[in-house]
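Residue-level structure breakdown
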Amino acid sequence: MRKFKDEDLYEMIDYELAVFGDIAAEDRKYRRLIVEVLAQIPEEAREKALEEGIFIIAGNITGASLPFYPFPCIDESELRKLIKEAESLEHFLKKRLIILNFALMEKAGYTEDEMKAVIAHEIAHLVLDHPSTGKWEKIQREADDLIEKWGFQRTENIMKGE
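Residues numbered from 1 in each chain as written. Predicted model: local features only at pLDDT ≥ 70, side-chain atom pairs only at ≥ 80, totals over all residues. Heavy atoms only, no water.

1. Describing the side chain of Arg46
By the secondary structure assignment, Arg46 is in helix α3 (residues 43-52). Of the polar contacts made by the side chain of Arg46, one reaches the backbone oxygen of Ala39; its length is 3.4 Å. (Helix = DSSP H or I, 4+ residues; strand = E, 2+ residues; numbered from the N terminus. Polar contact = N/O pair within 3.5 Å; in protein donor to acceptor, adjacent residues only side chain to side chain.)

2. Some details on helix α6 (residues 112-127)
Taking 1.5 Å as the rise per residue, α6 with 16 residues should run 22 Å; its terminal C-alpha atoms sit 22 Å apart, in good agreement. With 13 of 16 residues buried, α6 is to be regarded as a mostly interior element. Asp129 sits one or two residues past α6 and shows a positive phi near 55°. (Expected span 1.5 Å × (residues − 1). Buried < 20%, exposed > 50% of the residue type's maximum accessible area, 1.4 Å probe, protein only.)

3. Here's the deal with the packing of helix α1 (residues 7-16) against helix α2 (residues 27-40)
α2 packs onto α1 with a crossing angle of 120° between their chain directions and a minimal axis gap of 9 Å. Our classification of the angle between α1 and α2 gives oblique. Handedness of the α1/α2 crossing: right-handed. Residue-level contacts link Leu9, Tyr10, Ile13 and Asp14 of α1 to Arg28, Arg31, Arg32, Val35, Leu38 and Ala39 of α2. Each residue belonging to the contact of α1 with α2 can be placed in one class, and the counts come to six nonpolar, no polar and four charged. (Axes fitted to C-alpha atoms, helices over the stretch in contact; angles between N-to-C directions. Parallel < 35°, antiparallel > 145°, perpendicular 65-115°, else oblique. Left-handed = near helix turned anticlockwise from the far one by under 90°. Contact = heavy atoms within 4.5 Å. Nonpolar A, V, L, I, M, F, W, Y, C, P; charged D, E, K, R; others polar.)

4. Things to note about the pairing of strand β5 (residues 96-100)
Counted residue by residue, β5 has five buried out of five residues, so it is predominantly covered. Here strand β2 (residues 53-57) pairs with β5 via five bridges, running parallel. Residue pairing across strands places Gly53 opposite Arg96, the latter belonging to β5. (Pairing = 2+ DSSP bridges.)

5. A closer look at unusual backbone geometry
Non-glycine residue Asp129 carries a positive phi angle of around 55°. Among the structural elements, Asp129 can be located in the loop between α6 and α7 (136-149). Classification of Asp129 by relative accessible area gives partly exposed; the value is 48%.

6. Describing α7
Taking 1.5 Å of rise per residue, 14 residues should cover 20 Å, and α7 covers 20 Å from first to last C-alpha, within 8% of that figure. Within α7 the residues assigned to the buried category are Ile139, Gln140, Ala143, Asp144, Leu146 and Ile147. Buried residues in α7, looked at end-on, bunch into an arc of 160°, giving them a common side. Opposite the packed face of α7, turned more than 90 degrees from it, sit the exposed residues Glu137 and Lys149. Backbone geometry just after α7 places Gly151 at a positive phi near 100°. (Arc of directions from axis to C-beta.)

7. Here we look at the nonpolar core
For soluble globular proteins, the rule of thumb is that nonpolar side chains tend to be buried together. Within the largest apolar cluster, 36 residues are counted, with the highest numbers of intra-cluster contacts made by Leu38, Phe55, Leu100, Phe102, Ile119, Ile123 and Trp150. At the level of elements, α1, α2, α3, β2, β5, α5 (102-107), α6 and α7 are the ones that each hand at least two residues to this core. For this core, the element with the highest residue contribution is α6, accounting for eight residues. Residues in contact with Ile119, not counting those within four places in the same chain, are Leu33, Ile34, Val37, Phe55, Leu100 and Phe102. (Core = buried A, V, L, I, M, F, W, Y, C linked by side-chain atoms within 4.5 Å.)

8. Concerning a negative patch on the surface
On the surface, a cluster of negative charge is contributed by Glu43, Glu44, Glu47 and Glu51. Here Glu51 shows up in helix α3. Classification of Glu51 as exposed rests on a relative accessible area of 58%. (Patch = residues over 30% accessible without salt bridge, like charges linked within 9 Å, V, L, I, M, F, W, Y side chains within 5 Å. Areas by Shrake-Rupley, 256 points an atom, 1.4 Å probe, with all protein chains shown as cover. Salt bridge = Lys/Arg side-chain N within 4 Å of Asp/Glu carboxyl O. Lys, Arg positive; Asp, Glu negative; His and termini not counted. Charge placed at Lys NZ, Arg CZ, Asp CG, Glu CD.)

9. Things to note about the packing of aromatic side chains
Summed over the entire model, instances satisfying the criterion amount to one aromatic pair. With a centroid separation of 4.3 Å and an interplanar angle of 5°, the aromatic rings of Tyr30 and Phe102 are classed as stacked. Linking Tyr30 in helix α2 with Phe102 in helix α5, this pair joins segments that are 72 residues apart in sequence. With respect to class, Tyr30 is no different from Phe102; both count as buried. (Phe/Tyr/Trp six-rings, centres within 6.5 Å; stacked < 30°, edge-to-face > 60°.)

Rendered as C-alpha cells:
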C-alpha cells in the first residue's frame, strides 16, 4: 500500500521517471521504491531529479549519483570503468545518472526504508549539485543532512548497521 494519499502524484512521477537497467521481476518493486522517495521529497527537489536525472539499476555498487562517486564500492576496477562510461553518457545526455544496485542492497539485508534512504541520498547529491571531486566526508554529510530533513534516515547509520 502506498504511503501517500495523492494517487495523481504517484502516477505522474511513475510516468515521468526514467529508469534503465536489468530487466527482472523485482524491477516493479524497485521502481515503486524510487517513486515513493520522489513523492516524499519537496516538489522542487522532485522536479529537479525527474528533469535532470536518470535512474539506473546496475551491478556491484549500492548507490551513486554520477558524476559523484558511489558508496560502498565492491569492485574498484569495475567501478572505475562504470564511472568513465557514465561520465561519457552523462555528457552526451546532459543528465545525471543515479545508479542503484537493489540486488546488492537486498543481499546486504537492507530494509525497504534503508533502500529508500540510499535512493534519497543519491537524489540529494543531484539536488545539491555535488561535483565528482571534493571533500568526500563533507559531501556525504551534506547529502545525509538533506535527506534527514526530508524524513529519511542517514545513510551513515545504515553503513554502521544502526
